[in-house]
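# Descriptive analysis of the structure
Residues per chain are reported as follows:
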Amino acid sequence: MNFKFFMVFAILTIGFAGSMFAQSAVGDLGFTPPVGEKEYTQMEIDEMKQKAVLITMNDGTFMIELFPEDAPNTVYNFLKLVESGYYDGVVFHRIISGFMIQTGDPNTKDPETDRSLWGQGGPGYNIDEEFNTLQHDRGMISMARSQHVNSAGSQFFIVHQDSNFLDGKYTVFGRLVPGTHSIKALDNIANIPTDGRDAPLDVSKATIISTKIIPNFSTHDFPEPDKNDSLVKTEKVYGGSTD
C-alpha cells in the first residue's frame, strides 16, 4: 500500500469510529438486532435477493441492489433498519469526492446537534463483519466500522471512485443498480462543498428524505459485480500475525 493509500485508509478508519457512541435505543427499532452469528437458509437469502432499497434525496435517488449471498446478516440488518424508518432524515455527513460518501449516523438528524458528534452514532448494537471477495468499485456499498472489525452498526458508505485497497477490510453488501440515475446522484452528493471535517456545507442537499424497500426486484439482466479471486483474513496474534 503506497503512502497515499495509507493516509486515506487511516482517515477512513478514524472517520468510521464511533459506533460505540450509540444514540438509538435498541428497543425503539421494532426488531431484534441480528447480533452474533446467525445462519440463514437459502430461502431467506433468496427472499432478501428479491428486494432492493430506494433512497430518495433532494437531487436524485439511489436504487440499491443487495448481495445477501455474500453478506446475509449485513443485508438483513440493513433491510430491517430501512423498514423501521431509521435512515429517514439522516445526512451524508462525510463526503470525500473521488473516494466515498458516508451516512447512517442518527446524530445527524437533529440540526442542533454538535457537528463534532457526526460520525459517532449508531443503532445501539454492533454486527459481525462479513468480509468477502466483492471489490470496492465505483457505486459499491460497504459497511463503516471502527478499528474493531465487528463494530459495524448502521453507518455505510458508497464508493465514489474505485478504492480496491479497502477490499477484504470492510463488508461490501450492495451496489447502485447499473443503468439507473443512481450514479448521477452519487456524483451530485460527492461534489457538494464540504467543511474541514468533510461534512456538507449545504445539509439539505445531503439529507436522505426517505428510504423504502422495493419488493419483487429482479437482477437477471445485470452484470455480475467484480470479485477478487480469494479472501485472505489476517488474525492478530501475540508477536505478529497469521494469515
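This report concerns the structure included in the present document. (Residues numbered from 1 in each chain as written. Predicted model: local features only at pLDDT ≥ 70, side-chain atom pairs only at ≥ 80, totals over all residues. Heavy atoms only, no water.)

Right, let's talk about the nonpolar core for a bit. Counting residues in hydrophobic clusters, the biggest one holds 41 residues, and the most contacted among them are Phe62, Phe78, Phe92, Ile101, Phe156, Ile158 and Phe173. Elements supplying a minimum of two residues to this core: helix H2 (42–49), strand S1 (52–57), strand S2 (60–66), helix H3 (72–83), strand S5 (140–143), strand S6 (156–159), strand S7 (172–176) and helix H4 (182–190). Ranked by residues supplied to this core, first place goes to H3 with five residues. Those residues within four positions of phenylalanine 173 in sequence are excluded, and the remaining contacts are Glu65, Leu66, Phe67, Ala71, Thr74, Val75, Phe78, Ile141, Ser142, Met143 and Phe156. In this structure, Phe67, Leu134, Ala144 and Leu166 belong to the second largest nonpolar core, which totals 13 residues. (Core = buried A, V, L, I, M, F, W, Y, C linked by side-chain atoms within 4.5 Å. Buried < 20%, exposed > 50% of the residue type's maximum accessible area, 1.4 Å probe, protein only. Helix = DSSP H or I, 4+ residues; strand = E, 2+ residues; numbered from the N terminus. Contact = heavy atoms within 4.5 Å.)

Before going further, it helps to spend a moment on unusual backbone geometry. With a phi close to 70°, aspartate 198 is a non-glycine residue in the positive phi region. Take aspartate 198: it is sitting in the loop between H4 and strand S8 (210–214). The partly exposed category is assigned to aspartate 198, whose relative accessible area is 22%.

On to the packing of aromatic side chains, then. Counted under the stated rule, the structure contains 11 aromatic pairs. Ring centres 5.8 Å apart and planes at 50° place the aromatic pair tyrosine 40 and tyrosine 76 in the tilted group. A residue pair is termed long-range when its members are at least 10 positions apart, and tyrosine 40 in the loop between helix H1 (3–16) and H2 and tyrosine 76 in helix H3 qualify at 36 residues. The buried category is assigned to tyrosine 40, whose relative accessible area is 12%. Each ring, one from phenylalanine 156 and one from phenylalanine 173, has its centre 6.4 Å from the other, and the planes form 85°; the classification is edge-to-face. Here phenylalanine 156, found in strand S6, pairs with phenylalanine 173, found in strand S7; they are 17 residues apart in sequence, far enough to count as distant. Accessibility assignment for this pair places phenylalanine 156 and phenylalanine 173 in one class, buried. Grouped by ring-pair contacts, the aromatic residues Phe78, Tyr86, Tyr87, Phe156 and Phe173 constitute a single cluster. (Phe/Tyr/Trp six-rings, centres within 6.5 Å; stacked < 30°, edge-to-face > 60°.)

This part takes up the environment of isoleucine 213. With respect to the helices, strands and loops of the structure, isoleucine 213 is situated in strand S8. On the basis of relative accessibility, which here comes to 24%, the residue isoleucine 213 falls in the partly exposed class. In this structure, the C-alpha to C-alpha distance between isoleucine 213 and lysine 80, residues 133 residues apart in sequence, is 9.7 Å. Aside from chain neighbours lying at most four places away, what touches isoleucine 213 is Lys51, Ala52, Leu79, Val82 and Glu83.

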